[in-house]
Amino acid sequence: MERIKNAERQLQPIFYEIEEICFKNSKKVLEAFHLNQLSESHFSSTTGYGYNDIGRDTIEKIYATIFKCEDALVRSQFISGSHALTVTLFALLRPKDTLLSISGTPYDTLHEVIGIKENESSLKSFGINYEEIDLVNNDFDYKKIEEILKQKAIKVVEIQRSKGYSKRKSIDLDKVEKVISLIKKISPSTIVMVDNCYCEFVTEKEPTEVGADVVVGSLIKNLGGGITPNGAYVVGRKDLIKLVSERLTVPGEGKEVGPSLGMNKLILQGLYMAPSVVMHALKVAILTAKVLENMGYDVEPRAEEKRCDIVQNIIFHDPNKLIKYVQGIQQGSSVDSHVLALPWDMPGYDDQVIMASGSFTQGSSIEFSCDGPIREPYIAYQQGSITYEYGKLGLYEAIKNLD
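Read on for a plain summary of the structure.

Time to look at the overall build of the protein chain. From N to C terminus, the protein chain includes 10 helices and 12 strands. By the compact-globule yardstick of 22 Å for 403 residues, the protein chain fits well, its C-alpha radius of gyration being 21 Å. Seen through its principal axes, the protein chain has C-alpha atoms that stretch 60 × 55 × 40 Å. By residue count, 56% of the 403 residues in the protein chain fall in the buried class. Taking as baseline every contact in the protein chain between residues at least 6 positions apart, the subset at least 24 positions apart corresponds to 70%. Accessible area for the protein chain stands at about 17100 Å²; split by element, carbon and sulfur atoms hold 52% of it. Within the protein chain, the 55 negative side-chain charges are centred at a point lying 3 Å from the centre of the 46 positive side-chain charges.

In structure tokens form, the structure reads like this:
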């Protein structure tokens with residue numbers, strides 16, 4: 001534990017800055033609750049078709065207020081962030097349209113959605129074209145983006161802010177704003193879609209505030225606050241949210257249907273806690289970086305670097321150390337601490353994955369979790385902890401497992 005205490009002493013100025021961001025985002029949430037007159041009646045539940053669900057509708061107004069955009073779709077009918085991204089892509093694209101990813105290859109779970117990996121239900125199978133542009137030195141390839149936009153019609157540009165299972169850095173909002181400005185200058189009708197998973201409330205702004213047309217994220221990550229048990233959100237332009245809602249439900253019915261089934265209070269409580277929970281997750285990530293740096297391991301980002309998301313990478317260059325570390329995180333978890341995490345063939349992934357997630361909600365990444373594919377250079381991707389104290393205890397078990 002002395003290693004952790006030494007790192008904490010070094011990190012106090014950085015922790016203070018994170019606390020300031022938490023305060024500003026808490027103010028943003030509270031003001032959205034006040035503006036939309038949140039009341040106890042909005043905790044009510046609907047079943048069946050879900051007509052006239054005032055709580056559900058108020059939640060979506062609150063999300064639109066927080067993201068400073070025209071409309072929002074916040075539903076428990078989304079099973080994950082990947083599902084929400086899939087629904088959004090199928091809603092916005094039509095046969096012969098082109099989807100362009102400008103942040104390299106998207107996260108593994110979208111490979112079969114797009115058709116990078118063959119699947120008869122993919123976008124590719126519906127005649128939708130796909131191209132991608134890799135990042136250059138962890139920034140967009142502005143020259144190549146400009147060339148492609150001038151050569152051909154691009155219906156949707158996709159930006160994945162968080163790194164996923166890649167070695168690149170996550171993408172900060174300054175770069176997102178710069179590239180959106182370029183895209184809109186060359187091709188104003190191109191839709192810019194941002195995958196915002198793991199990034200919400202890490203900084204004071206969200207992508208819709210810097211020009212993104214549609215933004216997608218999960219409720220079992222940052223904005224669920226460790227309370228919301230499932231669901232996702234899509235926010236942005238009203239006309240685009242209408243298309244997404246009609247792909248999730250039924251053309252002609254869209255946002256008017258979809259029962260809340262008792263979820264309204266949990267979604268609202270999660271959002272209320274989210275700024276604080278994200279703050280704790282960031283502190284744990286930074287503490288992890290400092291401790292592992294001091295132990296001689298490669299980390300990304302480094303403790304003092306600017307953060308774009310809650311994900312912390314530890315690069316082990318050794319499969320056994322990756323496995324040992326993840327197993328240590330499992331041992332320090334609240335649920336299933338007695339279970340030995342092992343690599344397995346996880347659906348949607350090309351490589352075996354080892355995952356520690358002793359969480360109250362299955363797959364929750366805002367609770368303390370750590371995972372990684374068994375492939376070089378053997379990186380552990382750590383996320384979360386809904387409190388700093390539990391994250392610190394989990395980190396202690398993990399580093400003890402490396403000794």
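There is more to say, and it comes next.
Now for the nonpolar core. The biggest cluster of nonpolar side chains holds 98 residues, and the ones touching the most others in it are Y63, I102, L292 and Y325. Ranked by residues supplied to this core, first place goes to helix α8 (residues 264–294) with 15 residues. What L292 contacts, discounting residues up to four positions off in sequence, is Y297, V299, I314, Y325, L395, I399 and L402. Formed by 26 residues, the second largest nonpolar core is a distinct cluster that contains V87, L93, I114 and V234.

The next subject is unusual backbone geometry. Cis geometry is found at the peptide bond from E300 to P301, where omega equals 0°. Inspection of the secondary structure puts P301 in the loop between β8 (298–300) and β9 (312–315). With omega at 5°, the peptide bond leading from E376 into P377 counts as cis. Along the chain, P377 falls in the loop between β11 (369–373) and β12 (379–383). Despite not being glycine, N52 shows a phi value in the positive range, around 55°. Of the residues examined, N52 reaches a relative accessible area of 69% and is grouped as exposed. Within the chain, H317 stands out as a residue other than glycine whose phi angle is a positive 55°. The exposed category is assigned to H317, whose relative accessible area is 51%.

Here we take up the pairing of β12. Counting buried positions along β12 yields five of five residues, so the element is predominantly enclosed. Burial along β12 is two-sided: the face carrying I379, Y381 and Q383 and the face carrying A380 and Q382 are both buried. Note: β11 against β12, three bridges, orientation antiparallel. Directly across from S369, in β12, lies its bridge partner Q383. What sits between β11 and β12 in their antiparallel hairpin is a turn of five residues, with Y378 showing a positive phi close to 65°.

About the cut-offs
Residues numbered from 1 in each chain as written. Predicted model: local features only at pLDDT ≥ 70, side-chain atom pairs only at ≥ 80, totals over all residues. Heavy atoms only, no water. Helix = DSSP H or I, 4+ residues; strand = E, 2+ residues; numbered from the N terminus. Rg over C-alpha atoms; globule rule 2.2 N^0.38 Å. Buried < 20%, exposed > 50% of the residue type's maximum accessible area, 1.4 Å probe, protein only. Contact = heavy atoms within 4.5 Å. Areas by Shrake-Rupley, 256 points an atom, 1.4 Å probe, with all protein chains shown as cover. Lys, Arg positive; Asp, Glu negative; His and termini not counted. Charge placed at Lys NZ, Arg CZ, Asp CG, Glu CD. Core = buried A, V, L, I, M, F, W, Y, C linked by side-chain atoms within 4.5 Å. Pairing = 2+ DSSP bridges.

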